[in-house]
Amino acid sequence: MPFQCRCLVFLIIVLLPLLSCKQSVQAKSTNKGEIQKNNGNVKEEKPYPKFDFTKEIHKFGIISEGEIVVCEFYFRNTGNANLIIKSIESSCGCTVVKWNKKPIKVGEESKITVEFDSKGRHGKQYKVLTIFANTKRKVKELKITATIK
C-alpha cells in the first residue's frame, strides 16, 4: 500500500470518530434552586438574602471618657431569600450589639443597635462588628469610630 493511501486511511480512522460525536447539552440540578447548563449561558444560582445598609460606618465624633453612646445601622433585605443573622461579634468588649433574631423577609427592613461604652478608653477608637449571616459572602463588617477626651 503506497504511503499516501496509508496516510489517508490513518486520517479517516482518527478523524471519523471525532466528527461523528454529538455533544449533548443537559441541564442538571446541582443544589436546591440551582440550575446550570453545561454548554449554555443559563445559570440560575441558589437564592440568597442580601444586606443593603444605609451606612456601614458610624462616627461618634468626640465623646467624653465614661460616656455610653448608641447608634443604629438600618438595612433592608434586597436578596431573594429570608435573611438570618446567626451572630454578631465585636472586636471589643466595650460594645454591646442588639438585633432582631427573627428571619428578615425579602424587602423587609431591620436594624442593628450598637452601644459603645467609653469607660477606661482614651484617644481614637476604631471598632469592627462582624455579622455572620446566611448571605452569599457569609460575613459582613460594620465599623464604629470615636475620639475619647
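Here's what I pulled together on the structure shown here.

Reading guide: rules and limits
Residues numbered from 1 in each chain as written. Predicted model: local features only at pLDDT ≥ 70, side-chain atom pairs only at ≥ 80, totals over all residues. Heavy atoms only, no water. Helix = DSSP H or I, 4+ residues; strand = E, 2+ residues; numbered from the N terminus. Buried < 20%, exposed > 50% of the residue type's maximum accessible area, 1.4 Å probe, protein only. Contact = heavy atoms within 4.5 Å. Core = buried A, V, L, I, M, F, W, Y, C linked by side-chain atoms within 4.5 Å. Pairing = 2+ DSSP bridges.

### Focus: the environment of V69
Then, number 1: Note that V69 resides in strand β6 (residues 68-77).
Then, number 2: Since its relative accessible area comes to 9%, V69 is described here as buried.
Then, number 3: Separated by 45 residues in the primary sequence, V69 and V114 have C-alpha atoms spaced 8.4 Å apart.
Then, number 4: Sequence-distant contacts of V69, that is, excluding residues within four places in its chain, are made with F60, I63, V114, E115 and F116.

### Notes on unusual backbone geometry
Then, number 1: A positive phi is found at K138, a non-glycine position, where the angle reads about 70°.
Then, number 2: Its place among the elements puts K138 in the loop between β10 (123-133) and β11 (139-148).

### Here we look at the nonpolar core
Then, number 1: Counting 26 residues, the largest nonpolar core has F73, I112, F116 and I131 as its most contacted members.
Then, number 2: For this core, the secondary-structure elements that each account for two or more residues are β4 (51-53), β5 (57-63), β6, β7 (85-90), β8 (95-99), β9 (109-117), β10 and β11.
Then, number 3: Not counting the four nearest positions on each side in its chain, I131 is found in contact with F51, F53, I85, S87, I88, I112, K138, V139, K140 and L142.

### Some words on the pairing of β9
Then, number 1: Bridge analysis of β6 against β9 gives nine bridges, and the strand direction is antiparallel. Bridging across to β9, R76 finds its partner in E109.
Then, number 2: Pairing between β8 and β9: five bridges, direction antiparallel. Each bridged residue has a counterpart across the sheet, and for K98 the counterpart in β9 is T113.

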